[in-house]
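# A closer look at the structure
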Amino acid sequence: MPRTDTVLAEARVAAAADRLGRGLVKSVVTAVQQDCRAGRVAAEAVVGEVLARLPDRADTGTPVLNATGVLLHTNLGRAPLSEAARRSVAAAAGTGDVELDLATGRRGQRGAGTLAALLDRVPAAEAALVVNNNAAALVLAATALAAGREIVIGRGELVEIGDGFRLPDLLASTGARLREVGTTNRTVAADYAAAVGPDTGFVLKVHPSNFTVTGFTAAASVRELAGLGVPVVVDVGSGLLTPHPVLPDEPDVTSALAAGAALVTASGDKLLGGPQAGLVLGRADVAGTLRRHPLYRALRVDKLTLAALEATLRGPLPPVPAALAADPADRRRRADRLAARLRAAGVEATAVPSDAAVGGGGAPGVTLPSAAVRLPAGLAVPLRLGRPAVLARVADGYCLVDVAAVDEADDHRLYGAVRAAAGRPCG
Ligand SMILES: *Cc1c(COP(=O)(O)O)cnc(C)c1O
């Protein structure tokens, strides 16, 4: 078997290493050597096999088509970015005017364009801040406004956001004390009023975004709490900037500010459809306190996030909000067309109605009428291992390819991926 150095020194392999990176090429050489040792590749065929296995480009990561019917799939990176946002990220990856005013040539406010875009979309806010994620926004608010003091919070809002992370632990880690009021199912304004005092940093309202409480329940409104004389911070979670007709129960930034919230925090990569980010909007004085705290420097976002967020806010509707706004009849038509094309190619496929969901710990219990292509269950694994990979749903002994979370522009790739998984590749 040829030695690694010998293979890497071969002219075509060396040229590939210049183009793709030595680390990537070496990993392919090692894999082929293993196959050679196992008798699957002849010693004299090693170089040819290495060249055949090298990718065209040095891009990392496997593209996955989300056919689960869950719009925000946490394991798939939550919201996919819009084309405009992806192009902006690529452009920003070089050098740009992140902290430079090109008109004067002087240092400018970091991410000024992104903050202006955010304030244009939420005129009810006097000021905005962008940090790493919503969890970071809450940590910053707790540290800057309530370290060594109390955060008053209703017992029904002490939520676990996922993967074992609990909001109360996150807040307590900042040195703020949690002053819990009310009960799991019922908390009223008087409970908060009785707890508020000179030691109160702020009152926190957290949207219980990933579960519902029904029956004998009560919660205080932001408007009621805004009258208590201390700042009210509202974590709306999903990142809706204004009310959404399809999700009437989902809180939004504008309504919370109109009701008197001093600050609202939200995620950038949920229903807004942008990059991972924590959005903080609200009163200039309170936002300024966060902005000036040393911790802000440790939580600020990079230029790629700023670029993606600005394009998300100013550009065309990103895939997630577009899917929310889509006509269910469109999904049915797409599933019908996909199933018909697959049947014509000899694949066992039927279009069926399906229930899609928002996901990402948002809008629990809300189903979106959708449509799927029903395939034999045995296709689920080959679909997942293909390129692009397709993540489908397995239910009732079938593999369901739901179109709700797939961009219509990707329907052809989805078709090709299913054909390939069924052993009937195109061409
Ligand atoms: C998702 C969510 C969070 C966590 O947001 P990240 O951006 O993932 O840090 C916090 N609070 C609520 C209400 C949420 O829905």
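Reading the values: the criteria
Residues numbered from 1 in each chain as written. Predicted model: local features only at pLDDT ≥ 70, side-chain atom pairs only at ≥ 80, totals over all residues. Heavy atoms only, no water. Helix = DSSP H or I, 4+ residues; strand = E, 2+ residues; numbered from the N terminus. Buried < 20%, exposed > 50% of the residue type's maximum accessible area, 1.4 Å probe, protein only. Contact = heavy atoms within 4.5 Å. Areas by Shrake-Rupley, 256 points an atom, 1.4 Å probe, with all protein chains shown as cover. Lys, Arg positive; Asp, Glu negative; His and termini not counted. Charge placed at Lys NZ, Arg CZ, Asp CG, Glu CD. Expected span 1.5 Å × (residues − 1). Polar contact = N/O pair within 3.5 Å; in protein donor to acceptor, adjacent residues only side chain to side chain. Near = heavy atom within 4 Å. Domains from an automatic or database assignment. UniProt positions renumbered as here; feature names shortened; annotations may be inferred. Pairing = 2+ DSSP bridges. Axes fitted to C-alpha atoms, helices over the stretch in contact; angles between N-to-C directions. Core = buried A, V, L, I, M, F, W, Y, C linked by side-chain atoms within 4.5 Å. Parallel < 35°, antiparallel > 145°, perpendicular 65-115°, else oblique. Nonpolar A, V, L, I, M, F, W, Y, C, P; charged D, E, K, R; others polar.

### A word on the overall build of the protein chain
- Helix and strand counts for the protein chain stand at 18 helices and 18 strands.
- Considering the protein chain as a whole, with its 427 residues, one finds that 45% of them fall into the buried category.
- If you take every contact in the protein chain between residues at least 6 apart in sequence, the share linking residues at least 24 apart comes to 72%.
- Of the roughly 20,200 Å² that the protein chain leaves accessible, carbon and sulfur atoms contribute 52%.
- Mean positive and mean negative side-chain charge positions of the protein chain (46 and 42 charges, respectively) differ by 4 Å.

### Topic: unusual backbone geometry
- Across the junction of arginine 387 and proline 388, the peptide omega takes the value -5°, indicating a cis bond.
- Relative to the helices and strands, proline 388 is located in the loop between α17 (380-385) and β16 (389-391).
- One non-glycine residue, aspartate 163, lies in positive phi territory at about 55°.
- Mapped onto the elements of the fold, aspartate 163 is located in the loop between β7 (160-162) and β8 (165-166).
- The phi dihedral of aspartate 396 is positive, around 55°, even though this residue is not glycine.
- Examined against the element boundaries, aspartate 396 turns out to sit in the loop between β17 (393-395) and β18 (398-402).

### Points about helix α16 (residues 328-344)
- With 17 residues, α16 should cover 24 Å at 1.5 Å per step; its first-to-last C-alpha distance of 25 Å lies within 8% of that length.
- Summarising the contacts, the buried residues of α16 are in contact with α15 (319-325), β14 (350-359), β15 (362-376) and α18 (411-421).
- N-capping of α16 is provided by aspartate 327, with a side-chain oxygen placed 3.0 Å from the backbone N of alanine 329.

### So, the side chain of aspartate 269
- With respect to the helices, strands and loops of the structure, aspartate 269 is situated in the loop between β12 (263-267) and β13 (278-282).
- The exposure class assigned to aspartate 269 is buried, which follows from its relative accessible area of 7%.
- Apart from residues no more than four positions distant in its own chain, aspartate 269 is found in contact with Leu72, Arg78, Ala79, Gly274, Pro275 and Gln276.

### Describing the site of the ligand
- Around the ligand lies a shell formed by Arg78, Asn133, Asn134, Ala135, Ile161, His207, Ser209, Asp235, Gly237, Ser267 and Lys270.
- Within the contact set of the ligand, an oxygen atom lies 3.0 Å away from a backbone nitrogen or oxygen of asparagine 134.
- Within the contact set of the ligand, a nitrogen atom lies 2.6 Å away from a side-chain nitrogen or oxygen of aspartate 235.
- When the ligand is considered free in solution it has 390 Å² of accessible area, and contact with the protein chains removes 93% of it.

### Considerations on the domain arrangement of the protein chain
- Considered domain by domain, the protein chain is made up of domain 1 (4-53), domain 2 (64-76 + 321-421) and domain 3 (85-316).
- Using only C-alpha atoms to locate each centre, domain 1 and domain 2 end up separated by 37 Å.

### Notes on the UniProt feature "domain: L-seryl-tRNA selenium transferase N-terminal" (unreviewed entry) in the protein chain
- The sites that UniProt annotates as "domain: L-seryl-tRNA selenium transferase N-terminal" (unreviewed entry) are residues 2-37.
- For the annotated span residues 2-37, helix accounts for 89% and strand for 0% of the residues, and the straight-line distance between the end C-alpha atoms is 11 Å.

### Here we look at the UniProt feature "modified residue: N6-(pyridoxal phosphate)lysine" (unreviewed entry) in the protein chain
- Residues annotated in UniProt with the feature "modified residue: N6-(pyridoxal phosphate)lysine" (unreviewed entry) correspond here to Lys270.
- Counting through the fold element by element, lysine 270 comes out in the loop between β12 and β13.
- Filtering out sequence-adjacent residues up to four positions away, lysine 270 remains in contact with Leu72, Arg78, Ala79, Gly237, Ser238, Val320 and Gly360.

### Brief notes about α18
- For α18, the set of buried residues is Asp411, Leu414, Tyr415, Ala417, Val418, Arg419 and Ala421.
- Tucked into the core, α18 has its buried residues touching β1 (64-66), α16, β15, α17, β16 and β18.
- Among the residues trailing α18, glycine 423 stands out with phi positive, at a value near 75°.

### A look at the sheet that holds strand β5 (residues 127-131)
- Pairing is mixed across the open sheet formed by 7 strands, whose spatial order is β5-β13-β12-β11-β10-β6-β9. Each edge of the open sheet is held by one strand with a lone partner, namely β5 and β9 (177-181). Each strand axis lies, on average, 25° off the axis of its neighbour in the sheet, ignoring direction.
- Where strand β6 (residues 150-154) lies against strand β10 (residues 200-206), 4 bridges are found, and the strand directions are parallel. The residue bridging valine 152 from the neighbouring strand is valine 203, located in β10.

### Topic: the pairing of β5
- Burial of β5 is extensive: 5 of the 5 residues sit out of reach of the surface.
- Residues Ala127, Leu129 and Val131 point to one face of β5 and Ala128 and Val130 to the other, with burial holding for every one of them.
- Relative to β13, β5 is paired through 5 bridges, and the arrangement is antiparallel. Looking at the pairing, leucine 129 lines up with valine 280 of β13.

### Quick notes on the nonpolar core
- Counting residues in each nonpolar core, the largest one holds 36 residues, and the members touching the most others are Val234, Val253, Leu257, Val264 and Leu281.
- Ignoring anything within four residues of it in the chain, the contact list for valine 253 reads Val122, Val236, Leu240, Leu241, Val264, Ala266 and Leu281.
- Among the nonpolar cores identified, the runner-up in size contains 30 residues, and Val131, Leu140, Leu204 and Val233 belong to it.

### What to know about the packing of helix α7 (residues 134-146) against helix α12 (residues 284-292)
- Where α7 meets α12, the axes come as close as 9 Å, and the angle between the chain directions of the two elements is 100°. Relative to α12, the element α7 is oriented roughly perpendicular. Together, Leu140, Ala141, Ala144 and Leu145 of α7 and Val286, Thr289 and Leu290 of α12 make up the contact between the two elements.
- Tallied by class, residues from the contact of α7 with α12 come to 6 nonpolar, 1 polar and no charged.

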